[in-house]
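# Structure assessment
The chain contents come next:
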Amino acid sequence: MKNQNDMKVSTKEKESKGSEGNAEKASGEGNLLLTSIFVKIFSRDLLHMYCLFGILAATIWLSSIMRAVLERADELSSKNPDYDWPTHHDIWHMLIAAVTISIARHIFVSLLTNPMKRILKPCAESEIRPRAEKMTTSLFKTLFYIFIVSWAYIMLKDTEFLGSQFGGSGDFKNIWKGFPYHDYPDGTRLYYMVSFAYHAQSLFFHVLISEPRNDYMEMLLHHTVTCFLIYLSFVLNYFRVGMMVLFVHDFSDIFVYFGKFVADLKWNVQLPTYLVIMSAFGYSRLYVYPVYVIRWGALYCDDVSNVTILGRDVGIAMLTMLLTLHIYWYCLLLKLGYSKVLKGKVAEDVFGKIEADQKDLTQKEFVDAEIKKKNE
């Protein structure tokens with residue numbers, strides 16, 4: 001009798017464990033199904049479609065407010081005919097600069113990709129050329145930002161609106177002083193058009209040419225917002241605040257793209273580079289940018305200007321959107337630094353490694369990979 005009872009208990013336990021196993025299996029299959037649906041929804045082709053719809057919506061919205069913007073610009077320029085108000089003729093300089101930068105970038109990458117292969121750290125044969133091209137592109141961007149930041153600092157260092165917090169002799173409170181007919185350094189318009197050209201061609205490359213990565217949407221948003229802010233500030237003569245935004249961002253980009261360049265070097269210099277990036281990015285984009293540029297360039301602009309600032313609310317929204325991206329990227333850098341640098345994995349790419357999760361996995365590939373992980 002006792003043996004029969006033991007056998008019944010054992011049978012019930014097996015049935016219970018079997019039902020639990022089936023439940024776990026069903027739950028796992030359900031999770032895989034949901035994950036595969038998510039991957040399918042955000043596949044590369046659909047992601048491009050979402051981006052195009054987003055750009056279309058932004059274009060429609062921009063068109064709806066541009067009439068008021070242009071009317072405001074005409075009104076302000078007509079009140080002081082002697083003032084050299086910006087015109088759309090300068091856009092031709094932007095287009096010429098965009099073509100020039102694109103050609104220079106193509107030539108630079110074409111000439112230096114093969115030499116870069118000699119200083120690459122060991123990797124798979126199939127990854128050698130993509131990594132070399134990525135390194136060369138990052139080096140081009142580093143050199144461009146060194147050039148544009150040097151140009152901007154030479155123009156801004158003695159102005160009344162570049163504060164000592166960023167190497168100037170003035171005060172950020174003076175950004176709107178004298179608006180709408182305030183003065184700005186010689187060469188400002190050309191600098192503005194070159195910066196506009198660089199970001200416009202970056203947006204073009206990002207959408208139509210570059211291989212989509214896991215930060216595709218964030219960078220698309222960044223490029224779009226930047227181009228919109230540059231154009232809006234140009235049309236409305238917001239050169240001072242525009243130069244501050246560009247200067248602060250471009251400064252940290254020197255170190256960000258240099259970090260991407262050294263990521264694939266065979267020499268181990270990532271740790272000091274990482275620390276420099278975190279310092280420069282944190283100081284310029286998370287301290288100077290919100291505390292001084294957004295504060296005096298957007299939040300309190302009406303307090304120091306003689307006229308109402310058109311598009312102030314839009315400007316605050318756009319500048320805050322950029323700040324949100326900065327916080328997100330900084331947290332991501334902290335996470336990468338902790339997992340790859342502080343844990344001793346300095347040899348891995350902290351700043352932009354080409355990994356499987358940065359490529360577009362198909363639904364079947366993703367599900368197969370998950371099943372394999374579970375079986376292991």
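See the structure above.
Residues numbered from 1 in each chain as written. Predicted model: local features only at pLDDT ≥ 70, side-chain atom pairs only at ≥ 80, totals over all residues. Heavy atoms only, no water.

Counting across every chain of the model gives nine salt bridges. Residues E75 and K79 are paired through a salt bridge, measuring 3.4 Å at the closest nitrogen-oxygen approach. One end of the pair, E75, and the other, K79, are both in helix 2 (residues 44–79), four residues apart, so they sit about a helical turn from each other. For K79, a relative accessible area of 57% translates into the label exposed. Across the pair D158 and K157 runs a salt bridge whose closest N-O atoms are separated by 3.0 Å. By relative accessible area, which is 31% here, K157 ends up partly exposed. (Salt bridge = Lys/Arg side-chain N within 4 Å of Asp/Glu carboxyl O. Helix = DSSP H or I, 4+ residues; strand = E, 2+ residues; numbered from the N terminus. Buried < 20%, exposed > 50% of the residue type's maximum accessible area, 1.4 Å probe, protein only.)

Bringing helix 8 (residues 270–299) into the picture now. The terminal C-alpha atoms of helix 8, which comprises 30 residues, lie only 38 Å apart, well short of the 44 Å expected from a rise of 1.5 Å per residue. Y289 marks where helix 8 bends most, by close to 55 degrees; the proline P290 follows one to four residues later. (Expected span 1.5 Å × (residues − 1). Bend = angle between axes of the 7 residues up to and from the residue.)

Attention now goes to the environment of Y283. Along the chain, the position of Y283 falls in helix 8. When its relative accessible area of 36% is taken as the criterion, Y283 is described as partly exposed. Taking the C-alpha atoms as reference, Y283 lies 9.7 Å from Q165; in sequence the two are 118 residues apart. Not counting residues up to four positions away in its chain, the partners in contact with Y283 are Q165, F166 and V288. (Contact = heavy atoms within 4.5 Å.)

Our next topic: a nonpolar patch on the surface. Side chains of V99, I103, I107 and L111 sit close together on the surface and give an oily, nonpolar patch of about 380 Å² of accessible area. You can see I103 is positioned in helix 3 (residues 91–116). Accessibility expressed as a relative area gives 47% for I103, which makes it partly exposed. (Patch = residues over 30% accessible without salt bridge, like charges linked within 9 Å, V, L, I, M, F, W, Y side chains within 5 Å. Areas by Shrake-Rupley, 256 points an atom, 1.4 Å probe, with all protein chains shown as cover.)

A separate point is the packing of helix 7 (residues 239–262) against helix 8. To describe two helices that pack against each other, one gives the angle between their axes and the distance between the axes. Closest axis-to-axis distance for the helix 7/helix 8 pair is 9 Å, and the angle between their directions is 165 degrees. When the axes of helix 7 and helix 8 are compared, the pair comes out roughly antiparallel. For the pair helix 7 and helix 8, the crossing hand works out as left-handed. Residue classes in the contact of helix 7 with helix 8 are distributed as 16 nonpolar, seven polar and two charged. (Axes fitted to C-alpha atoms, helices over the stretch in contact; angles between N-to-C directions. Parallel < 35°, antiparallel > 145°, perpendicular 65-115°, else oblique. Left-handed = near helix turned anticlockwise from the far one by under 90°. Nonpolar A, V, L, I, M, F, W, Y, C, P; charged D, E, K, R; others polar.)

This paragraph deals with the packing of aromatic side chains. For the coordinates displayed, the defined rule picks out 28 aromatic pairs. For the ring pair F258 and F261, a centre distance of 6.2 Å and an interplane angle of 40 degrees mean the geometry is tilted. Of this pair, F258 and F261 both sit in helix 7, three residues apart, which is roughly one turn of the helix. Residue classification places F258 among the partly exposed residues on the basis of a relative accessible area of 36%. Grouping aromatic residues by their ring pairs yields a cluster made of Y153, F166, F172, F247, F251, F255, Y283, Y287 and Y292. Against the face of F205 rests R105, its NZ or CZ located 4.1 Å from the ring centre. (Phe/Tyr/Trp six-rings, centres within 6.5 Å; stacked < 30°, edge-to-face > 60°. Lys NZ or Arg CZ within 6 Å of the ring centre and 35° of its normal.)

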